[in-house]
Structures are given as C-alpha cells and as structure tokens.
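Remarks on the overall topology
These are the residues of each chain, in order.
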Amino acid sequence: MKREKMQRAAFERAEDDVRVALMTAAAAIPEPDNKPGPPSKGPRLVPRKSRTDPTKITLYIRDGRAEVSTRQPESQRKKAERVLDLYKLQKEARERGIVAPRMVPVAATLNHLLDAARPPGKPPAPRKTSLRTAAAKKKARVWKKYRQLVTRIKSLATFFKDETLKDLTTTRLLEYIEWRTDQRDARYLDDDPDAPNASPSSAREDICFLRKAVNLYAGEHTLAWHPNVEVPAQGPGRTRWLRRPEVARMYWAIRGRIWDNDTGAWKRELVMGPRGRKVWRYAYRDPQTITNRKALRRYLFVGLYTGTRDEALRELRWECSADGGCIDVEGRFIHRRGFGLDPSEGKPRMTSRIAPKVASTMGGWRKSDLAAGISAVVSRPDGEPYASAPVWIWEAVVADAGLDAEVVRHTLRHTAATWLRIGRVDVRAAADLLGMSVQTAVKIYGQWTLEGQEAAADALAWSHGVKAAHSFAVRVPSTIEVVVPRGLPPREPPGQVERRRRERTRSTDHATRRRIHPEAVIGRKTPVLA
C-alpha cells in the first residue's frame, strides 16, 4: 500500500515537470512576422460569362470571393453601376446594424413584446389562494397573464420562425389559423390524451397579439414602414342556448346520471336488489366524480340566473373584497367587480339585481359556507376557489347530459339573454341586468330566437294608429317649391282613437238593432227552474 502511494506521487511530479517543460518551450518559440496583406479593393464590377448562357458576357459584382450578378451586359454598364451602388449601400447598412423594415424578423417583434410585457421582479411561489394577501393575488394574476402571453408567443414563433415583416400577408395569416387549429390546446398538459385542438377564435386572438407586437416594435424603433396586420373576419358566432329540459339534464348529470342519446333516456343498469332479485336502476358515476362535480351546481345556477361571465363568477365572494366581486343577499345585488379593481380594465363588470328566489337560495349557501370558513361562492371540494376555469368538469357534465360540444361555459350567459328576450323584457332592462351595452344585447342576442315577437308582429299586422297618422312631407319634383300644409288637426293618441272607434261601433249596433214588439214578449213562456 505504501509502495503504491509512492508511485502515484512520483507520477504526479513527473506530470508537473513535463507540463513546465512544454510551457517553457512554447514561450521560447518566436512569433511569426505577420505582415498585412494588400488592402481589399471592395465591391467592383467584373465581366464574366453568364451562368445561364455561356455565350454572353454579364457584369458581376465581385466582393472578396463572392460574386453577384447584375444581369446587365457590358453595353448597359451605367445600369450595372447603379446596381453596384445599391449593393454598397446595403452592405454598409448591414455592417452598421441597419435593417430594412421589410426584412425585420417576426421573431424580433415577438421577443420585443415579451420583454415589454414581462412583470417586474420574480414570479410568486405557488401557494393556496386563501393564504395570499390582496397584493400577492394581484401579482399572481399579472404573472398568470404573462404566462398565457408566453404560450401564445411560442405558437406564433414556431410558425413564423424564419419569416420577416414582408411575409405577413392575409394569406399567410389564414394559413396560421388553419395550422393552429390542428395543434393541441396549450391550456392542457402535454401528457393529457383528451386535450382538444385549439379553436379558430384562439388562433385569431394570437394574431391580435402579433399585430400588437408589430405595432409596438415599429413605434419604438421608428420604422418607415410596417405591415398592417389584419385579423381575419370572425366566423358566425355561437347561437346555442339551453332549454329548460336541457338545464334539468345538466343538473342530473352533475349528480352522476348518464344520458343515452340512442334511447333518448337516462342509462339504466341491471343490479341485484336488497331481496336478492335483479332490478333495473339508473346508472351513476363513481362517488369521487360526483363529489368533484358538486361545485358545478352553483356555477350553473349563478351563471344562468345572473348571466355572469366565467372569470367574474369564479371571483365572487360572500363578503366585499378588493380583488373580486361579492353577492349582497339582503339587498339582492350582485357586484361583479371588486372595489379595488380599475373599472376601465377588462370587460365590464356591472352591479345588477337578483331575483328574490335566487337570493333565498344563495342565503342558504352563504350560511353554510361561512360556518365552514369558506369565502368563495363557487369553491372546490377542499373549500379553495378555482384558480382557473373547471373546463374538464364542464365538458364531462355536458357529455353525460347528452348535449353537443357547442354548449360551453359562456352558453349560460347566452341562455340568460335569450330567456329575457323570450320573456319580452325591455332590451334596456335586460342589458342592465346582464351587465352589457344595449348595442351588444341587440346585435348579438337579438335574433337568436323568434319567440317573444308576437306583440310586435300583431302591432304590424293590425296597424294600430296608422290611419290617424298624418304625413308632413310631400314628395314633389326638385324644381317646385315645397309647401308645408298648415292647420292640420293634431295627431290623436292611439288609445283615444281606439276608444272613438268602439263608440262608433256601439252606436251603429244600437241603431241597427231589431225592435221587438211587447205583445210578442207577453206570448212567450217563461222557463220554470226545477
């Protein structure tokens, strides 16, 4: 053992001696006398045989070892010199880092947007939502939006990785939408086999961020030109809304039942009864699945009877908060926005009334939740609020209810607006209740159903008040002076016109009524009651 240690030490000393000898020899070697070569002549014109037609002589631009054709013969030397001057300008711009606006890479604009949108500081550590302060929740929301932006930018960078601004044409953007809809939805995990593909609306939203990136880069770098990124027109909007039986089927699916589309009824299974006999009963999901779906009962109820959007619904609390809305059960109000949030940011979240029966149901929920220490109106089985939309639970319930894939979470808001229209509610009152503008209520929800239009159709058919209307404009040739008639009788209200018509009808019936002689009345027999 001692001998091996001595040999190892001898080898290490010998290795050090060899290293020192090599370094000494390298230092003693004289450096070569590198004389500078002749200066570069720079780009110049040289005649060469044409590569396409060897019988012709073409002027080429010689720049070191590279040669670029000017496509001009020797007789057109002036045009070739102009091409040479342009080549020199482009080379100097590249050396100075100056790039033509059309040649700016799309990836550079996307990276510039990411750098500008990155929140300051470090991302927060994941922890329970209920243990965060208001400032921590706000910071978590900001970083969540940034991560969503990173996901969208990643998809855009993958498709436009080698392209420049001049390639952002309408045709190319449509190709991106087609490509994006064939890719999986980035909101799902990579190993999720049930992850659906991205929707066309999500792809169009990606293009909106691309337009934002291009405009930001062009504005801060003072580009002389940049493409006008036009988002392709949106397809027909969703017109799906739920009927009462469909809502009932969703409630039963939340409780675990499974709808059979082939038979048009709930699935049944043959089981052994308590007395040892086989009996048929409804098929149910396992208890754990039913427990996970329990929170969707409130989600469905609140979304349907208040028309609240998904994000605002998940942020509802039983008490006032700065970062989320709340429900006032005693006053029968739903406040969709927290008092600490900026009303000008995001979609409008207005305060609306809730019906007495809805407030009564919510009162029972609030009593049980506050007793259990739960602050969120819609919470997970462990009492924590949902940090993201429960998409997987919703899709499973919709499938078990036998409904189509068009039934999404926003369908609840569509259904609320459609039910208000069927109920002949004034459009202004409906818009205020749902927290939207009158223009949106008329444009998006106005023609989803033909029900609720009976009063308007009857008024048009009967033409109430049209006969009493007077025309104050006379269509005449342009060369004749228009004379406005004076002394026209004032227009009568429709109620007064209807009352006068009834009086005329009553007087006419009284005048034309057949007179009966008294003797004829005396001759009649009076019926005797048994």
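Residues numbered from 1 in each chain as written. Predicted model: local features only at pLDDT ≥ 70, side-chain atom pairs only at ≥ 80, totals over all residues. Heavy atoms only, no water.

This part takes up the packing of aromatic side chains. Per the stated rule, a full pass over the model turns up 10 aromatic pairs. Judged by centre distance (5.8 Å) and plane angle (40°), the rings of Tyr-176 and Trp-179 are tilted. In this pair, Tyr-176 and Trp-179 both sit in helix α5 (residues 170-180), 3 residues apart, roughly one turn of the helix. Its relative accessible area of 25% is what places Trp-179 among the partly exposed residues. Members of the aromatic cluster, each reached through a chain of ring pairs, are Phe-159, Phe-160, Tyr-176 and Trp-179. One residue, Arg-257, lies across the ring of Tyr-282, its end atom 3.8 Å from the ring centre. (Phe/Tyr/Trp six-rings, centres within 6.5 Å; stacked < 30°, edge-to-face > 60°. Helix = DSSP H or I, 4+ residues; strand = E, 2+ residues; numbered from the N terminus. Buried < 20%, exposed > 50% of the residue type's maximum accessible area, 1.4 Å probe, protein only. Lys NZ or Arg CZ within 6 Å of the ring centre and 35° of its normal.)

Quick look at the packing of helix α13 (residues 411-422) against helix α14 (residues 427-434) now. Angle between the axes and distance between the axes: these two values describe a pair of packed helices. Two elements in contact, α13 and α14, have axes separated by 10 Å at closest approach and are oriented at 155°. Relative to α14, the element α13 lies roughly antiparallel. Crossing of α13 over α14 shows right-handed handedness. Of α14, the residues touching α13 (which contributes Arg-413, Ala-416, Ala-417 and Leu-420) are Ala-430, Leu-433 and Leu-434. Each residue belonging to the contact of α13 with α14 can be placed in one class, and the counts come to 6 nonpolar, no polar and 1 charged. (Axes fitted to C-alpha atoms, helices over the stretch in contact; angles between N-to-C directions. Parallel < 35°, antiparallel > 145°, perpendicular 65-115°, else oblique. Left-handed = near helix turned anticlockwise from the far one by under 90°. Contact = heavy atoms within 4.5 Å. Nonpolar A, V, L, I, M, F, W, Y, C, P; charged D, E, K, R; others polar.)

Before going further, it helps to spend a moment on helix α7 (residues 244-254). One turn of the α-helix equals 3.6 residues, which is why residues spaced by three or four share an orientation. Residues of α7 that are buried: Glu-246, Val-247, Arg-249, Met-250, Ala-253 and Ile-254. For α7, the angular spread of the buried residues around the axis is 160°, confining them to a single face. Turned more than 90 degrees away from the buried face of α7 sit Arg-244 and Pro-245, all of them exposed. Along its buried surface, α7 packs onto β4 (259-260), β5 (265-266), α8 (287-293), α9 (295-306), α12 (391-400) and α13. Where α7 ends, the next residue or the one after it, Gly-256, has phi of about 115°, a positive value. (Arc of directions from axis to C-beta.)

Let us look at the pairing of strand β7 (residues 278-282). Two faces belong to every sheet, and in a regular strand the side chains alternate between them. Examined bridge by bridge, strand β6 (residues 268-272) and β7 share 5 bridges and lie antiparallel to one another. Looking at the pairing, Met-272 lines up with Lys-278 of β7. (Pairing = 2+ DSSP bridges.)

So, on to the pattern of salt bridges. Here the structure, examined in full by the defined rule, presents 22 salt bridges. For Asp-206, the salt bridge is made with Arg-180, and the minimal N-O distance between the two is 3.3 Å. One end of the pair, Asp-206, is in helix α6 (residues 200-220); the other, Arg-180, is in helix α5, and 26 residues separate them in sequence. Assigned by exposure class, Asp-206 and Arg-180 land together as buried. Residue Arg-366 is joined to Glu-330 by a salt bridge in which the shortest nitrogen-to-oxygen separation is 2.6 Å. Note that Arg-366 is positioned in helix α11 (residues 356-372) and Glu-330 in the loop between β8 (326-328) and β9 (333-335), a separation of 36 residues in sequence. The network of salt bridges with common partners includes Arg-152, Arg-180, Glu-205 and Asp-206. (Salt bridge = Lys/Arg side-chain N within 4 Å of Asp/Glu carboxyl O.)

Attention shifts here to the sheet that holds strand β1 (residues 44-49). In spatial order, the strands read β1-β2-β3; together these 3 strands make up an open sheet with antiparallel pairing. Of all the strands in the sheet, the pair left with one neighbour each is β1 and β3 (66-72). Taken over all neighbouring pairs, the strand axes of this sheet differ in orientation by 40° on average, direction set aside. As judged from the 6 bridges shared by β1 and strand β2 (residues 57-63), these two strands associate in the antiparallel manner. By the bridge assignment for β2, Pro-47 is matched with Leu-59.

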